[in-house]
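Take a look at the letters that make up each chain.
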Amino acid sequence: MKHLLKLADLSSEEIFGILNLADQLKYERKNNIAHQHLKGKKLGMIFSKSSTRTRVSFEVGMNELGGYALFLSDRDLQLGRGEPIKDTARVLSRYLDGIMIRTFAQKDVEDLAEYGSIPIINGLTDYCHPCQVLADLMTIREYKGSFKGLKLCFVGDGNNMANSLIVGGIKMGMEVAVACPENYRPDAGIIEWAEANGKLLITSDMKKAATGADVLYTDVWASMGQEGEKKEREKVFKNYCVNADLMSVAKTDAMVLHCLPAHRGEEITADVFEAHAEEIFDEAENRLHAQKAVLVKLLK
Ligand code: CP
Ligand code: NVA
């Protein structure tokens, strides 16, 4: 594993390897056992979009591993003024040991990896969010013990989260169901891959997707960069809500996950969110442990 550009690039064994190391690092952190595997290593963190969890967990994670993280906003970098990504890649490779980037186009992340000479980590693009799904998988395994026989249901926009959850879910052997409006389906290439490699249902019938689910997952109706579509999306997605009625068709012990930030009253009701807050904030915490594992695998 040289980079983390998308989950599709990783084998199931590599994903299990990351999850196992993440569990170990979580245990070591809780028990004050030193794990400074990245002493003196430097991670650049390029952000072209907002972030709470990704930014803080990468920065704290590098620090706990004995390394150092630099926050690089594209509002300050020459990248934001048009310096090509392939030049930025070659320059930053001379200073840093790795780069985490959150941006719009997946191609920019792939180009960083192609032109740079250091590991690149995708911290979210319009196409996918692999770091989030590694934390999600870690959380599911923590609560359920294993992935065997589980059904994962995603409700909402066929966005970056849906794309990565399909790939991660199928690679871990889960059955995946996505409930989304007809014109908001996940990436066609990912659907094709998933249908060939596992069990995937794409439907606009939320109850059908959620029936018997072990994990219900949702995300915002309008992602970062789609602010101009907000009004239209509110109409299209108004019924795509994880509420008590939808929970009633899932397994009685179903867990609810959300990558956050959450919009209560839109994709999830306040009562369902608060009833599952423990799981959702464990999931947010696990961003730290899962990403530390990725950093160790790539930078050590
Ligand atoms: N879930 C997630 O990536 O959160 P941030 O946008 O706060 O980083
Ligand atoms: N789909 C959301 C995820 C945020 C973590 C977005 O891209 O804004």
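All residue numbers here refer to positions counted from 1 along the written sequence of the relevant chain. Chains and ligands are labelled sequentially in the order written, the chains with letters from A and the ligands with numbers from 1. Where totals are concerned, whole chains, interfaces and linings use all residues; where local detail is concerned, this predicted model gives features only for residues with pLDDT of at least 70, and gives and counts side-chain atom pairs only at 80 or more. Only hydrogens and water are set aside when side-chain values are computed; all heavy atoms of the structure are taken into account.

Chemist: Can you walk me through the site of ligand 1 in this structure?
Modeler: Taken together, Ser51, Thr52, Arg53, Thr54, Arg102, His129, Gln132, Cys259, Leu260 and Arg287 form the complete shell of residues around ligand 1. Contacts to ligand 1 include Ser51, whose side-chain N or O atom sits 2.6 Å from an oxygen atom. Here a polar contact is taken to be a pair of N or O atoms separated by no more than 3.5 Å, where protein atoms must pair a possible hydrogen donor with a possible acceptor and residues adjacent in sequence count only if both atoms sit in side chains. Taking Thr54, its side chain carries an N or O atom lying 2.7 Å from an oxygen atom of ligand 1. What sets the accessible areas is the Shrake-Rupley method with a 1.4 Å probe; for residues, cover comes only from the shown protein chains. Look at ligand 1: alone it shows 250 Å² of surface, and the protein chains cover 95% of it. In terms of residue class, the shell around ligand 1 is made up of two nonpolar, five polar and three charged. Residue proximity to a molecule or strand is established when one non-hydrogen atom of the residue lies within 4 Å of it. Amino acids outside the nonpolar list (Ala, Val, Leu, Ile, Met, Phe, Trp, Tyr, Cys, Pro) and the charged list (Asp, Glu, Lys, Arg) are all regarded as polar, and Gly is one of them.

Chemist: I would appreciate a short explanation of the packing of aromatic side chains in the present structure.
Modeler: For any pair of aromatic rings, the description rests on two quantities: the centre-to-centre distance and the angle between the ring planes. A pair of aromatic rings is counted whenever rings of Phe, Tyr or Trp (Trp by its six-membered ring) have centres within 6.5 Å, and the orientation is called stacked for planes under 30 degrees apart, edge-to-face for over 60 and tilted otherwise. Using the criterion set out here, one finds seven aromatic pairs in the structure. Residues Trp221 and Phe237 carry aromatic rings whose centres are separated by 6.4 Å and whose planes lie at 20° to one another, so their mutual orientation is stacked. Of the two residues, Trp221 is situated in the loop between β8 (215–218) and α9 (230–236) and Phe237 in the loop between α9 and α10 (244–247); the sequence distance between them amounts to 16 residues. Since its relative accessible area comes to 7%, Trp221 is described here as buried. For Phe237, a relative accessible area of 0% gives the class buried. Feature note: the residues Tyr184, Trp221, Phe237 and Tyr240 constitute an aromatic cluster, connected by ring pairs. Both a distance and an angle decide whether a charge sits over a ring: NZ of Lys or CZ of Arg must be within 6 Å of the ring centre and within 35 degrees of the ring normal. In this arrangement the basic side chain of Arg264 is found over the ring face of Phe273, its NZ or CZ atom lying 4.1 Å from the centre. Secondary structure is summarised from DSSP: a helix means a run of H or I of at least four residues, a strand means a run of E of at least two, and numbering begins at the N terminus for each. Relative accessibility thresholds used throughout: buried, under 20% of the residue-type maximum; exposed, over 50%; partly exposed, between the two (1.4 Å probe, protein chains only).

Chemist: Is there a simple way to think about the site of ligand 2 in this case?
Modeler: Around ligand 2, the neighbouring residues are Leu124, His129, Asn159, Asn160, Asp219, Ser223, Met224 and Leu260. A distance of 2.7 Å separates a nitrogen atom of ligand 2 from a polar atom in the side chain of Ser223. In the environment of ligand 2, an oxygen atom lies 2.8 Å from a nitrogen or oxygen atom belonging to the backbone of Met224. Across the complex, the protein chains shield 94% of the 270 Å² of accessible surface that ligand 2 would expose by itself. Here the shell around ligand 2 is composed, by residue class, of three nonpolar, four polar and one charged.

Chemist: Looking at this model, I keep getting lost on helix α12 (residues 277–299). Mind explaining?
Modeler: Helical periodicity: at 3.6 residues per turn, an α-helix aligns residues three or four positions apart in one direction. Its 23 residues place the ends of α12 33 Å apart at the C-alpha level, agreeing with the 33 Å of an ideal helix rising 1.5 Å per residue. Among the 23 residues of α12, 19 are classified as buried, and the element is accordingly described as predominantly covered. Take the residue count of a helix, subtract one, and multiply by 1.5 Å to get its expected span.

Chemist: Is there a simple way to explain the pairing of strand β9 (residues 255–258) in this structure?
Modeler: Every other side chain in a regular strand lies on the same face of the sheet, so the side chains alternate between the two faces. Judged by which residues are buried, β9 turns out to be covered on both faces: Met255 and Leu257 on one side and Val256 and His258 on the other are all buried. When DSSP finds two or more bridges between two strands, those strands count as paired. Bridge count for β8 against β9 is four bridges, and the pairing is parallel. Residue pairing across strands places Tyr217 opposite Leu257, the latter belonging to β9.

Chemist: Even after reading the chapter, I still don't get the sheet that holds strand β1 (residues 42–47), so can you show me in this structure?
Modeler: The parallel open sheet is built from four strands, whose spatial order is β2-β1-β3-β4. Across the chains shown, the open sheet's two edge strands, defined by having one partner strand only, are β2 (68–73) and β4 (120–122). Between one strand and the next, the sheet's axes are offset by a mean angle of 20°, whatever the strand orientation. Sheet topology note: the β1/strand β3 (residues 98–102) ladder contains five bridges and is parallel. Each residue of the ladder has a partner; that of Ile46, found in β3, is Ile101. Any two residues having at least one pair of non-hydrogen atoms within 4.5 Å are treated as being in contact. The axes are straight lines fitted to the C-alpha atoms, using for helices just the contacting stretch, and the angles between their N-to-C directions are given from 0 to 180°. On the sheet, helix α2 (residues 53–64) packs against β1, β2, β3 and β4 and is oriented at approximately 175° with respect to β1.

Chemist: Explain helix α7 (residues 188–197) to me, please; I cannot follow it from the model alone.
Modeler: Taken together, the buried positions of α7 are Ile190, Ile191 and Ala194. Seen end-on, α7 carries its buried residues on one side only, within an arc spanning 100°. Facing away from the buried side of α7 by more than 90 degrees, the exposed set consists of Ala188, Glu192 and Ala196. The inward-facing, buried residues of α7 contact α6 (160–171) and β7 (200–203). Note: the arc covers the axis-to-C-beta directions of the helix.

Chemist: For this particular structure, what's the right way to read the packing of helix α3 (residues 85–95) against helix α4 (residues 106–115)?
Modeler: A packed helix pair is summarised by two numbers, namely the angle formed by the two axes and the spacing between the axes. Taken N-terminus to C-terminus, the directions of α3 and α4 make an angle of 45°; their axes are 8 Å apart at the nearest point. The orientation of α3 with respect to α4, classified from their angle, is oblique. Judged by the sense of rotation from one axis to the other, the crossing of α3 with α4 is right-handed. Where α3 abuts α4, its residues Ile85, Lys86, Ala89 and Arg90 lie against Asp108, Asp111, Leu112 and Tyr115. Tallied by class, the residues present in the contact of α3 with α4 amount to four nonpolar, no polar and four charged. Note that the term roughly parallel is reserved for angles under 35 degrees, roughly antiparallel for angles over 145, roughly perpendicular for angles of 65 to 115, and oblique for everything else. Here is the rule for handedness: rotate from the far helix to the near one, and if that takes an anticlockwise turn smaller than a right angle the crossing is left-handed, while a clockwise turn gives right-handed.

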